[in-house]
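Fold and geometry: a report
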Amino acid sequence: MHLLELSVDPARFPTRAVYPFNLRVVQETARVPLDAHVTFFAGENGSGKSTFLRALAHRCGYHIWDNAGRSTGRHNPFADRLYECLDLRWRSGAMPGAFFAAEIFRNFAELLDAWAASDPGLLAYFGGSSLTDKSHGQCNMAFFASRFRVPGVYLLDEPESALSPRRQLELLRILVDASSAGDAQFVVATHSPILMSLPGARVLTFDACPVGEIAYRNTDAYRLHRKFFDER
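Here is a short report on the structure shown in this document. (Residues numbered from 1 in each chain as written. Predicted model: local features only at pLDDT ≥ 70, side-chain atom pairs only at ≥ 80, totals over all residues. Heavy atoms only, no water.)

1. Comments concerning the pattern of salt bridges
Counted according to the given criterion, the structure contains 12 salt bridges. Between R173 and D177 there is a salt bridge; the shortest N-O distance is 3.3 Å. Of this pair, R173 and D177 both sit in helix α5 (residues 165-180), separated by four residues, roughly a single helical turn. Note on R173: relative accessible area 49%, which makes it partly exposed. Under the relative-accessibility criterion, D177 is labelled partly exposed at 45%. Measuring nitrogen to oxygen at the nearest pair gives 3.1 Å for the salt bridge that ties R226 to D230. Here the residue R226 and the residue D230 both occupy positions in helix α7 (residues 220-231), the gap between them amounting to four residues, near one helical turn. (Salt bridge = Lys/Arg side-chain N within 4 Å of Asp/Glu carboxyl O. Helix = DSSP H or I, 4+ residues; strand = E, 2+ residues; numbered from the N terminus. Buried < 20%, exposed > 50% of the residue type's maximum accessible area, 1.4 Å probe, protein only.)

If you want it as structure tokens, here you go:
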């Protein structure tokens, strides 16, 4: 493992009245253990797992390929400032890495096409062809299969989006192989019981305050799927 722990310093909060600093999980979580090859953030929509993951990416210095031209009707000056209140503990110093979110990955794929116009060799790192010529799921899988061979820390926000169950199993195998090699570490926000089943992974629930560890079979993702198939 490269990254061992994330801690939150409330004394540095610029406010407690506005998102994300008004979230109970942010106010009541002092530390998040990350000393596992694969750590899953589990929880309901709006529980704060993606908020923490994006803040972690900013704190690590990993670029988030947001659409710079996007505008919102109401600006929140505190929205991306949680990272300023985080401290990280590394095993042997900071490591390179990457942030992935299915909802914004298309922005990266389109930029890659633009860069490849002048340097076609770039596409060799992603299966040899344009990511935008593939389906959403195929595009994501091409990125996973190529990028995770490189040592580092990978922060994945709902990577199961656009993936069929079969593709999720393929991603599970990629995560197992990459993490078992010892050079790649993953922190994954997910709703997928397939991904969370990874042997030896730590699952943290954001449905509790503070954030805490939960057994795989006690997660809502597992229990609700099991109940559905048992009683459909």
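Continuing now.
2. Regarding the pairing of strand β5 (residues 97-101)
Among the five residues in β5, four count as buried, and that is most of the element. Of the pairings in the sheet, the one linking β5 to strand β6 (residues 152-157) comprises five bridges and is parallel in character. Along β6, the bridge assignment pairs A98 with Y154. (Pairing = 2+ DSSP bridges.)

3. Considering the packing of helix α4 (residues 136-147) against α5
The interhelical angle for the contact between α4 and α5, taken along N-to-C directions, is 10 degrees, at an axis separation of 10 Å. Accordingly, the angle class assigned to the pair α4 and α5 is roughly parallel. Contact residues: α4 offers Q138, M141, F144 and A145, while α5 offers R167, E170, L171 and I174. The residue inventory of the contact of α4 with α5, partitioned by class, reads five nonpolar, one polar and two charged. (Axes fitted to C-alpha atoms, helices over the stretch in contact; angles between N-to-C directions. Parallel < 35°, antiparallel > 145°, perpendicular 65-115°, else oblique. Contact = heavy atoms within 4.5 Å. Nonpolar A, V, L, I, M, F, W, Y, C, P; charged D, E, K, R; others polar.)

4. Some words on the sheet that holds strand β1 (residues 3-8)
In space, the three strands of this open sheet follow the order β2-β1-β4, with antiparallel pairing throughout. For this open sheet the edge positions go to β2 (31-33) and β4 (86-90), each flanked by a neighbour on one side alone. Ignoring strand direction, the axes of neighbouring strands in this sheet form an average angle of 20 degrees. One ladder, built from three bridges, connects β1 with β2; its direction is antiparallel. Its bridge partner lying in β2, S7 is registered against R31. Across the sheet, helix α2 (residues 49-60) is in contact with β1, β2 and β4; its angle to β4 comes to roughly 65 degrees.

5. Examining the packing of aromatic side chains
Applying the stated criterion to the full structure yields 13 aromatic pairs. Through pairs of rings, three or more aromatic residues link up here, namely F100, F143, F144, F148, Y154 and F186. (Phe/Tyr/Trp six-rings, centres within 6.5 Å; stacked < 30°, edge-to-face > 60°.)

6. Quick look at the sheet that holds β6
Within the open sheet, the six strands sit side by side as β5-β6-β7-β3-β8-β9. Their pairing is mixed. A single partner strand is all that each edge strand has here, and the edge strands are β5 and β9 (212-213). Strands in contact with α2 are β3 (38-42), β5, β6 and β7 (184-189); relative to β6, the strand with the most contacts, it is inclined by about 150 degrees. Each of β3, β6 and β7 is contacted by α5, which is oriented at about 140 degrees to β7, the strand it contacts most.

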